[in-house]
Amino acid sequence: MKFKAVTILTILFSLALLAGCGGEEPKKKKKKKPKTEQTKAKPAEKQTAPDPTSGMSAENIAKAKELVSSTDEDAVEAVDGKKSYKKFCSVCHGFKGDMAINGAKDLTKTKTNLEERVAQIYFGKGLMTPFKGVMKDEEIISVAKYVATLRK
């Protein structure tokens, strides 16, 4: 008799819990984000304007160009870009660059130049983590150079 009462109470409690927690909330529509000043290219910036497919601001690309030109080439060559890529990037991009999960781009199809790739790694883009402060500048440039080898 005790066993039946406990069983019945457990079942009733479970049903009450399901009734209280059950059901889905209606899906909310995503609002389109307005374009910010950072993504709009100004007429005076046409020389440093980003590739439209990269989505990087001219300011970030200019910073990346400065970074590439001011970084010691020997220090960049001393870093194993492939090893750093596998450590930081392969989770979303895959070892061959073509996994493209979690919003990551297929790197085998990228047409960005070195400065654009450095800017994307340095500042991040979309859901991509900015690696400024996570990797050294030499390491970022080395990874950006390695990404070019993944193109098909």
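See the structure printed just above.
Trainee: When you look at the packing of helix H2 (residues 58-70) against helix H6 (residues 114-123) in this model, what are you seeing that I'm missing?
Mentor: Each pair of packed helices gets described by two things: the angle between the helix axes and the distance between those axes. Running from N to C, H2 and H6 cross one another at 105°; their axes reach a closest spacing of 8 Å. The angle between the axes of H2 and H6 places the two elements in the roughly perpendicular class. Note on element contacts: H6 touches H2 through Leu-114, Glu-115, Glu-116, Val-118, Ala-119, Tyr-122 and Phe-123, opposite Asn-60, Ile-61, Lys-63, Ala-64, Lys-65, Leu-67 and Val-68. Within the contact of H2 with H6, the residues separate by chemical class into nine nonpolar, one polar and four charged.

Trainee: So what exactly am I meant to see when it comes to the packing of aromatic side chains here?
Mentor: Each pair of aromatic rings is reported with the distance of its centres and the angle of its planes. Scanning the entire structure with this criterion turns up three aromatic pairs. Considering the side-chain rings of Tyr-122 and Phe-123, the 4.8 Å spacing of their centres and the 75° angle between planes classify their relative orientation as edge-to-face. According to the relative accessible area criterion, Phe-123 is partly exposed, its value standing at 27%.

Trainee: What exactly am I supposed to notice about the pattern of salt bridges here?
Mentor: Between side chains of opposite charge, a pair can form as their charged atoms come close. A full pass over the atoms with the stated rule returns three salt bridges. A salt bridge links Glu-73 to Lys-145; the shortest N-O distance between them is 2.7 Å. Here the residue Glu-73 occupies a position in helix H3 (residues 73-78), and Lys-145 occupies one in helix H7 (residues 137-148), the gap between them amounting to 72 residues. By relative accessible area, Glu-73 is classed as partly exposed at 37%. Taking relative accessible area as the criterion, Lys-145 reaches 29% and is therefore assigned partly exposed.

Trainee: Explanation requested: the packing of H6 against H7 in the structure shown.
Mentor: Viewed as axis vectors pointing N to C, H6 and H7 meet at an angle of 125°, and their least axial separation amounts to 9 Å. Of the possible angle classes, the one that applies to H6 and H7 is oblique. Considering how the two elements wind past one another, H6 and H7 form a crossing that is right-handed. Facing H6, whose interface residues are Leu-114, Arg-117, Val-118, Ile-121 and Tyr-122, H7 presents Asp-137, Ile-140, Ile-141, Val-143, Ala-144, Lys-145, Val-147 and Ala-148.

Trainee: Would you explain the environment of Lys-96 in this entry?
Mentor: Counting through the fold element by element, Lys-96 comes out in the loop between helix H5 (90-93) and H6. Distance from Lys-96 to Lys-86, taken between C-alpha atoms, is 9.4 Å for residues 10 residues apart in sequence. Look past the residues within four positions of Lys-96 in its chain and what remains in contact with it is Thr-108 and Leu-150.

Trainee: Can you walk me through H6 in this structure?
Mentor: Every α-helix carries 3.6 residues per turn, so stepping three or four residues along brings you back to the same face. The element H6 is extensively covered by neighbouring structure, given that nine of its 10 residues are classed as buried. If you check which residues of H6 are buried, you get Leu-114, Glu-115, Glu-116, Arg-117, Val-118, Ala-119, Gln-120, Ile-121 and Tyr-122. Among the residues of H6, the N-terminal cap falls to Asn-113, whose side-chain oxygen and the backbone nitrogen of Glu-115 are separated by 3.1 Å.

Trainee: How should the environment of Asn-102 be read in this particular structure?
Mentor: For Asn-102, the location among the structural elements is in the loop between H5 and H6. In sequence terms Asn-102 and Cys-92 are 10 residues apart; their C-alpha atoms lie 6.5 Å from each other. Excluding residues that lie within four positions of it along the chain, Asn-102 makes contacts with Cys-92 and Leu-127.

Calculation notes
Residues numbered from 1 in each chain as written. Predicted model: local features only at pLDDT ≥ 70, side-chain atom pairs only at ≥ 80, totals over all residues. Heavy atoms only, no water. Axes fitted to C-alpha atoms, helices over the stretch in contact; angles between N-to-C directions. Helix = DSSP H or I, 4+ residues; strand = E, 2+ residues; numbered from the N terminus. Parallel < 35°, antiparallel > 145°, perpendicular 65-115°, else oblique. Contact = heavy atoms within 4.5 Å. Nonpolar A, V, L, I, M, F, W, Y, C, P; charged D, E, K, R; others polar. Phe/Tyr/Trp six-rings, centres within 6.5 Å; stacked < 30°, edge-to-face > 60°. Buried < 20%, exposed > 50% of the residue type's maximum accessible area, 1.4 Å probe, protein only. Salt bridge = Lys/Arg side-chain N within 4 Å of Asp/Glu carboxyl O. Left-handed = near helix turned anticlockwise from the far one by under 90°. Polar contact = N/O pair within 3.5 Å; in protein donor to acceptor, adjacent residues only side chain to side chain.

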